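Chain and residue survey
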Amino acid sequence: MTRTLKASGFLGLAVMMTVGMYQFVLLSGGSSVPGWMIGGHAHLGVLSILAIVMGFAVPALGVTGTLRRAVTGLYVAGQWGIPGIVWLGEGAGLALLMPTGFLWGGCLIASMLIMFYVTVTGEGGETESGPTGAPIADD
């Protein structure tokens with residue numbers, strides 16, 4: 001599951017960089033960059049970096065089983081949902097999608113609250129001397 005978080009993070013960064021290059025093309029051609037494109041670009045970049053961090057934090061805290069699947073699924077859904085609705089809602093004129101931002105934001109919040117719970121309760125298997133079990137690498 002942490003491989004999913006890391007892969008989603010790196011893919012998100014590649015998409016974000018591609019959008020950034022397109023923004024550069026627009027600017028160098030004398031056009032302005034629409035605000036919705038900038039907003040989606042920024043959100044995807046930050047959320048993708050955090051996805052990579054989460055890919056290391058989840059095993060480091062010993063998050064397993066259902067909680068691990070929930071954290072991964074909720075986070076990845078929010079990571080792509082937030083910039084996706086900005087680009088589709090504003091950029092493609094599908095404003096009816098904009099209220100789903102509460103759903104995608106809720107996914108991110110729920111994911112963080114699960115990580116908070118595991119951190120403060122030690123439910124994930126962390127000990128005072130550090131994480132137990134397998135090392136944090138996926139390979």
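In this report, we go over the structure that sits alongside the text. (Residues numbered from 1 in each chain as written. Predicted model: local features only at pLDDT ≥ 70, side-chain atom pairs only at ≥ 80, totals over all residues. Heavy atoms only, no water.)

Describing the overall build of the chain
Condition: Runs of H or I in DSSP of at least four residues are treated as helices and runs of E of at least two as strands, each being numbered from the N terminus. Remark: exposure states derive from per-residue accessible area (1.4 Å probe, protein chains only) relative to the maximum for the residue type, with buried under 20%, exposed over 50%, and partly exposed in between. Should any heavy atoms of two residues lie within 4.5 Å, those residues are considered in contact.
Summing up its helical and strand segments, the chain has four helices and zero strands in all. Tracing the chain from N to C terminus, the helices and strands come up as α-α-α-α. Within the chain, the fraction of its 139 residues that count as buried is 39%. Across the chain, contacts joining residues at least 24 apart in sequence account for 77% of those joining residues at least 6 apart.

Looking at helix H4 (residues 101-121)
Note the cut-off: Helices are assigned an expected span. That span is 1.5 Å times one less than the residue count.
In this model H4 runs 30 Å from its N-terminal to its C-terminal C-alpha over 21 residues, within 8% of the 30 Å that 1.5 Å per residue would give. When H4 is considered as a whole, its buried residues turn out to be Gly101, Gly105, Cys107, Leu108, Ser111, Ile114, Met115 and Val118. Tucked inside the fold, the buried residues of H4 contact helix H2 (35-60) and helix H3 (65-91). Glycine 122, located one to two residues past H4, shows a positive phi value of around 75°.

So, the side chain of threonine 72
On the secondary structure map, threonine 72 appears in helix H3. Take threonine 72: its relative accessible area is 2%, and that puts it in the buried class. Contact partners of threonine 72, with chain neighbours within four places excluded, come to Met1, Thr4 and Leu5.

A few points about a nonpolar patch on the surface
Rules: Within this analysis, patches are made of residues with over 30% relative accessible area and no salt bridge. Like charges are joined at 9 Å or less; nonpolar side chains (Val, Leu, Ile, Met, Phe, Trp, Tyr) at 5 Å or less. Each accessible area is a Shrake-Rupley result for a 1.4 Å probe, and residues are judged covered by the shown protein chains and nothing else. By salt bridge we mean one thing: a side-chain nitrogen of Lys or Arg within 4 Å of a carboxyl oxygen of Asp or Glu.
Taken together, Met21, Tyr22, Phe24 and Val25 make up a surface patch of nonpolar side chains, about 450 Å² in accessible area. Along the chain, the position of valine 25 falls in helix H1 (residues 2-28).

Remarks on the packing of H3 against H4
Which entries qualify depends on this criterion: Note on geometry: axes are C-alpha line fits, over the in-contact stretch for helices, and angles between N-to-C directions span 0 to 180 degrees. Crossings are assigned a handedness: left-handed for a near helix turned anticlockwise from the far helix by less than a right angle, right-handed for a clockwise turn. Classification used: nonpolar for Ala, Val, Leu, Ile, Met, Phe, Trp, Tyr, Cys and Pro, charged for Asp, Glu, Lys and Arg, polar for all others including Gly.
Between H3 and H4, the shortest axis-to-axis distance is 7 Å and the interhelical angle comes to 145°. For the crossing formed where H3 meets H4, the hand is left-handed. Of the residues in H4, those touching H3 at Leu67, Ala70, Val71, Leu74, Tyr75, Ala77, Gly78, Gln79, Gly81, Ile82 and Ile85 are Gly101, Trp104, Gly105, Cys107, Leu108, Ala110, Ser111, Met112, Ile114, Met115, Tyr117 and Val118. Across the contact of H3 with H4, the residue classes tally to 17 nonpolar, six polar and no charged.

Details of the packing of aromatic side chains
Operational definition: Any Phe, Tyr or Trp ring, taking Trp's six-membered ring, that has another such ring centre within 6.5 Å forms a pair; planes under 30 degrees apart are called stacked, those over 60 apart edge-to-face, and the others tilted. Counted as over-ring charges are cases with an Arg CZ or a Lys NZ within 6 Å of the ring centre that also lie within 35 degrees of the ring normal.
Scanning the entire structure with this criterion turns up zero aromatic pairs. Stacked on the ring of phenylalanine 56, the Lys or Arg lysine 6 has its end atom at 4.2 Å from the ring centre.

Points about the packing of H1 against H3
Threshold: Any angle that falls under 35 degrees is termed roughly parallel, while one over 145 is termed roughly antiparallel, one within 65 to 115 roughly perpendicular, and all others oblique.
Two elements in contact, H1 and H3, have axes separated by 9 Å at closest approach and are oriented at 15°. In terms of their interaxial angle, H1 and H3 are classed as roughly parallel. For the pair H1 and H3, the crossing hand works out as left-handed. On H3, the residues that touch Thr2, Thr4, Leu5, Ser8, Gly9, Leu11, Gly12, Val15 and Val19 of H1 are Arg68, Thr72, Tyr75, Val76, Gln79, Trp80 and Trp87. Classifying every residue of the contact of H1 with H3 by side-chain character gives eight nonpolar, seven polar and one charged.

Some thoughts on H2
Using the following cut-off: Note on bend: at a given residue it equals the angle between the axes fitted to the 7 residues ending there and to the 7 starting there.
Its 26 residues place the ends of H2 37 Å apart at the C-alpha level, agreeing with the 38 Å of an ideal helix rising 1.5 Å per residue. Along H2, the sharpest kink reaches roughly 25°, centred on valine 53.

Let's talk about the nonpolar core
Note the cut-off: Grouping buried Ala, Val, Leu, Ile, Met, Phe, Trp, Tyr and Cys residues that are joined through side-chain atoms within 4.5 Å yields what is termed a nonpolar core.
Leu5, Met54, Val58, Val63, Val71, Tyr75 and Met115 are the most contacted members of the largest nonpolar core, which totals 15 residues. For methionine 115, the contacting residues outside a window of four places in its chain are Met54, Ala57, Val58, Leu61, Val63 and Val71.

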